[in-house]
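Reading the structure
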Amino acid sequence: MVSRPSSAVKTAIAAAIIGAADAGSGPAVLRFYTGSMPATPETEVTSQTLLGELTCSDPCATESSGVITFSAITQDSSANATGTAAWARLLTSAGAAVWDFDVTATGGGGAIEMNTTSVVSGGPIAVSSLTITL
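No experiment lies behind these values; they were computed from the predicted model shown. (Residues numbered from 1 in each chain as written. Predicted model: local features only at pLDDT ≥ 70, side-chain atom pairs only at ≥ 80, totals over all residues. Heavy atoms only, no water.)

**Looking at the packing of aromatic side chains**
- Summed over all chains, the structure comprises 2 aromatic pairs.
- Ring centres 4.6 Å apart and planes at 15° place the aromatic pair Y33 and W87 in the stacked group. Taken as a pair, Y33 in strand β1 (residues 29-33) and W87 in strand β7 (residues 87-91) lie far apart in primary sequence, 54 residues in all. Each member of the pair, Y33 as well as W87, is classed as buried. (Phe/Tyr/Trp six-rings, centres within 6.5 Å; stacked < 30°, edge-to-face > 60°. Helix = DSSP H or I, 4+ residues; strand = E, 2+ residues; numbered from the N terminus. Buried < 20%, exposed > 50% of the residue type's maximum accessible area, 1.4 Å probe, protein only.)

**Description of the sheet that holds strand β11 (residues 131-133)**
- Strand order in the open sheet formed by 3 strands is β3-β4-β11, with antiparallel pairing between adjacent strands. The sheet is open, and its two borders are formed by β3 (61-64) and β11, each paired with just one other strand. Averaged over all adjacent pairs, the angle separating strand axes in this sheet is 15°, with direction ignored.
- For β3 and strand β4 (residues 67-70), the ladder comprises 4 bridges, and the chain directions are antiparallel. Bridged to T62 within β4 is T69. (Pairing = 2+ DSSP bridges. Axes fitted to C-alpha atoms, helices over the stretch in contact; angles between N-to-C directions.)

**Brief notes about the sheet that holds strand β9 (residues 112-114)**
- The mixed open sheet is built from 6 strands, whose spatial order is β5-β2-β1-β7-β8-β9. The sheet terminates laterally at β5 (73-74) and β9, the two strands that pair on one side only.
- Looking at chain direction, β1 and strand β2 (residues 50-56) are connected through 5 bridges and run antiparallel. The residue of β2 that forms the bridge with V29 is T55.
- Helix-sheet contacts for helix α1 (residues 7-22) involve β7 and β8 (97-105), and the interaxial angle to β8 is about 100°. (Contact = heavy atoms within 4.5 Å.)

Written as structure tokens, this is what we have:
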């Protein structure tokens, strides 16, 4: 199956995603969790452990040719808990879920790849770049 939206449609979708993330009075955040990713971003977090929260720039991203490129994301210099990062959720400053991402070690094929998915309480969590390709 091949499917290709027009450039105008990709730009509109990207603008909607960026607008959703930037909704609220402050910057979006990216929270990292252990356990299974919920079925949808609207599904509440239950038994998963919050490992830490990174702060996005405000505005959070730009779009070019259907690629959303996030601006600088500030690391969490002191993780909340120890565990294995399995997924992350992008939220508005008001806490509304926007997008869920799977997390793997570099080369693992996840939407977010980290040099290590092992997070230690009090240690840093960082993302050097984040893009969404439409």
